[in-house]
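Examination of the molecular architecture
Given next are the chains, with one letter for each unit.
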Amino acid sequence: MTAFSKTASLKKPALLLAVSAALLGLAAPAFAAPKISAQSIIVNPVATTLSARVWVNRDPSGAQNPSYRVGERITLYTSVNENAYVYLFNVNPDGSSDQILPNRISSSNYVRAGQTRAFPASGDQFTFDVAGPYGLNRVLVIASRRALNLNELSSYQNGGNFAVVKPKTSQGLAQALSIVVDPVPSPVTQPVAQTDWISDTAYYTVGY
């Protein structure tokens, strides 16, 4: 797992990233359910004009699978082509995951069209430091034109600045995210229009 440390003495599980090409959104009926796949975690089966990207400092192209050693620092980047709320997760080799954004240290997770956000950003009082376990990590970004409710997916504990993800497996994360974007309708919760969200996955490897 990765660890990020605040410049003082705070250390906590965090996230690492790597990159691949953007996920394809294939045309499908408007009522099609989000797809769950081993590699992508969650994919919108409906075509949309909204797009999002993730990449790491070691591969600005987002087309490779860069390698980092334990102890090295990493910077994550994300951008969107339209104004959107951005949610960023790291899926560790053991299937557990960490929520990078939103958090209580960075500014709002609302990202403007064409804007690139870095984590950590210049001036932030924390770093992302690579830790174990060794192996392939996936970074997942979900962009939505409407704010998502993550109450059933993650929560802040003991005054922590980063929320703890409740599902402990990648399959559990995928199922939880499917419910987040397509919840059971209620007076206070309505599904997000499938043309209003998109996901992207990036990769990086923690090596020896």
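Refer to the structure presented above.
An account of the accompanying structure is given in this report. Sequence order as written defines the numbering, with residues in each chain counted from 1. Thresholds applied to this predicted model are a pLDDT of at least 70 for local features of residues and 80 or more for the giving and counting of side-chain atom pairs; totals over whole chains, interfaces and linings are not thresholded and use all residues. Side-chain measures were taken over the full set of non-hydrogen atoms in the model, leaving aside hydrogen atoms and water.

Focus: the nonpolar core
Note that soluble globular proteins tend to have their nonpolar side chains buried in a common cluster. In this structure, Ile74, Leu76, Val80, Leu88, Phe119, Phe128 and Ala143 are the most contacted members of the largest nonpolar core, which totals 26 residues. Helix and strand assignments follow DSSP, with helices taken as H or I runs no shorter than four residues and strands as E runs no shorter than two, numbered in order from the N terminus. For this core, the secondary-structure elements that each account for two or more residues are strand S3 (52-56), strand S5 (76-80), strand S6 (84-91), strand S7 (97-101), strand S10 (126-129), strand S11 (135-144) and strand S14 (197-207). Per-element accounting of this core gives the leading share, 4 residues, to S14. Put simply, buried Ala, Val, Leu, Ile, Met, Phe, Trp, Tyr and Cys residues joined by side-chain atoms within 4.5 Å make one nonpolar core. Buried residues are those whose accessible area, probed at 1.4 Å on protein chains only, stays under 20% of the maximum for their type, while exposed residues exceed 50% and partly exposed ones sit between those limits. Judged by nonpolar contacts, the second largest core, of 19 residues, contains Leu148, Leu173, Ala176 and Val192.

Focus: the pairing of S14
Most of S14 sits inside the fold, with 10 of its 11 residues counted as buried. Alignment of strand S4 (residues 67-69) against S14, held across 3 bridges, turns out to be parallel. Bridged to Arg69 within S14 is Gly207. Bridge count between S11 and S14: 10 bridges; the pairing is antiparallel. Strands qualify as paired when DSSP identifies two bridges or more between them.

Looking at the sheet that holds S3
Strand pairing in a sheet is mediated by backbone hydrogen bonds. Such pairs are either parallel or antiparallel. Strand order in the open sheet formed by 3 strands is S3-S5-S9, with antiparallel pairing between adjacent strands. Only two strands of the sheet have a single neighbouring strand rather than two, namely S3 and strand S9 (116-119). Strand-to-strand twist in this sheet, taken as the mean axis angle between neighbours without regard to direction, amounts to 20°. Angles run from 0 to 180 degrees between N-to-C directions of axes, and those axes are lines fitted to C-alpha atoms, restricted for helices to the stretch in contact.

So, a nonpolar patch on the surface
Patch definition: residues with relative accessible area over 30% and no salt bridge; like charges joined within 9 Å; nonpolar side chains (Val, Leu, Ile, Met, Phe, Trp, Tyr) joined within 5 Å. Residue burial considers only the protein chains on display, and all accessible areas are found by Shrake-Rupley using a 1.4 Å probe. Salt-bridge detection follows one rule: a side-chain nitrogen of Lys or Arg within 4 Å of a carboxyl oxygen of Asp or Glu. There is a patch of nonpolar side chains on the surface, built from Val70, Tyr134 and Tyr208 and spanning about 370 Å² of accessible area. Relative to the elements of secondary structure, Tyr134 occurs in the loop between S10 and S11.

Concerning the packing of aromatic side chains
Any two of the Phe, Tyr and Trp rings considered here, Trp counted by its six-membered ring, make a pair once their centres fall within 6.5 Å; the pair's planes then place it as stacked at under 30 degrees, edge-to-face at over 60, or tilted in between. Throughout the structure, instances matching the rule amount to 6 aromatic pairs. With a centroid separation of 5.7 Å and 10° between ring planes, the pair formed by Trp55 and Tyr77 is classed as stacked. Here Tyr77 lies in strand S5 and Trp55 lies in strand S3, a separation of 22 residues in the sequence. Members of the aromatic cluster, joined through ring pairs, are Phe126, Phe128 and Phe162. Any Lys NZ or Arg CZ found within 6 Å of a ring centre and within 35 degrees of that ring's normal is scored as a charge over the ring. Of note, Arg104 hangs over the ring of Tyr156, and the distance from its end group to the ring centre comes to 4.0 Å.

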